[in-house]
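Listed here are the chains, written in short residue letters.
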Amino acid sequence: MNEYKTKEQKLRFYKSKEWKYIRLEALKRDNYECQGCKRNGLVYTEHHDSGKHKRLDVDHIKEIYTHPELALELDNLETLCIKCHNKKHNRFMFRKKKNKWDDEKW
Ligand SMILES: [Zn+2]
């Protein structure tokens, strides 16, 4: 079974034609709409006529790190915009400034 524990293994996976194929299938299934925004009653979509969807990611609901067997399962994939994707993984574009004087107010 494949494992995706190192950065290299993940990179190889995301470059594979199997991933590119299933990723496209997920985008098509989700109508190129962010499923995270959809859950919040919003629609986030964008034109995809040239095959470029820079702001939409296909996310693994269960991480391939822990569930490598689900890496290519359509049911384990969902379309997310960058914003929702970052939110899910708790990645922030900015870092909270550390101000020790204000600690008590948090
Ligand atoms: Zn979204």
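Residues numbered from 1 in each chain as written. Predicted model: local features only at pLDDT ≥ 70, side-chain atom pairs only at ≥ 80, totals over all residues. Heavy atoms only, no water.

**What to know about the overall build of the protein**
Right, on to step 1. When you go through the protein residue by residue, the secondary structure sums to 4 helices and 2 strands.
Right, on to step 2. Mapped in sequence order, the helices and strands of the protein form the string α-α-α-β-β-α.
Right, on to step 3. The burial tally for the protein puts 30% of its 106 residues in the buried class.
Right, on to step 4. Pairs at least 24 apart in sequence give 60% of the contacts found in the protein among residues at least 6 apart.
Right, on to step 5. As displayed, the protein offers around 8,800 Å² of accessible surface, 52% of which is attributable to carbon and sulfur atoms. (Helix = DSSP H or I, 4+ residues; strand = E, 2+ residues; numbered from the N terminus. Buried < 20%, exposed > 50% of the residue type's maximum accessible area, 1.4 Å probe, protein only. Contact = heavy atoms within 4.5 Å. Areas by Shrake-Rupley, 256 points an atom, 1.4 Å probe, with all protein chains shown as cover.)

**Here we look at the coordination of the zinc ion**
Right, on to step 1. Protein coordination at the zinc ion: the donors are C34 (SG), C37 (SG), C81 (SG) and C84 (SG), at 2.2 to 2.3 Å from the metal.
Right, on to step 2. Considering all 4 donor atoms around the zinc ion, the spread of angles at the metal, 101 to 117 degrees, places the coordination shape in the tetrahedral class. (Donors = N, O, S within 2.8 Å, 3.2 Å for Na, K, Ca; no water. Tetrahedral: all angles 85-135°; square planar, octahedral: opposite > 155°, others 65-115°.)

**Quick look at the side chain of E78**
Right, on to step 1. Counting through the fold element by element, E78 comes out in strand β2 (residues 77-81).
Right, on to step 2. Residue class for E78 comes out buried when judged on its relative accessible area of 13%.
Right, on to step 3. In this structure E78 touches R29, D30, Q35, R39, D57, V58, D59 and I61, once residues within four positions along its chain are discounted.

**So, the packing of aromatic side chains**
Right, on to step 1. Applying the stated rule across the entire model yields 4 aromatic pairs.
Right, on to step 2. Their ring planes at 45 degrees and their centres at 5.2 Å tell us that F13 and W19 sit as a pair that is tilted. Accessibility classification places F13 together with W19 in one group, the buried group.
Right, on to step 3. Between the aromatic rings of Y14 and W19, the centroid separation amounts to 5.2 Å while the plane-to-plane angle is 80 degrees, which identifies the pairing as edge-to-face.
Right, on to step 4. Assessed through its relative accessible area of 35%, Y14 is described here as partly exposed.
Right, on to step 5. When its relative accessible area of 4% is taken as the criterion, W19 is described as buried.
Right, on to step 6. Here the basic side chain of K5 rests over the ring of Y65, its NZ or CZ set 4.8 Å away from the ring centre. (Phe/Tyr/Trp six-rings, centres within 6.5 Å; stacked < 30°, edge-to-face > 60°. Lys NZ or Arg CZ within 6 Å of the ring centre and 35° of its normal.)

**Some remarks on the side chain of S16**
Right, on to step 1. Here S16 is to be found in the loop between α1 (7-15) and α2 (17-29).
Right, on to step 2. By relative accessible area, which is 17% here, S16 ends up buried.

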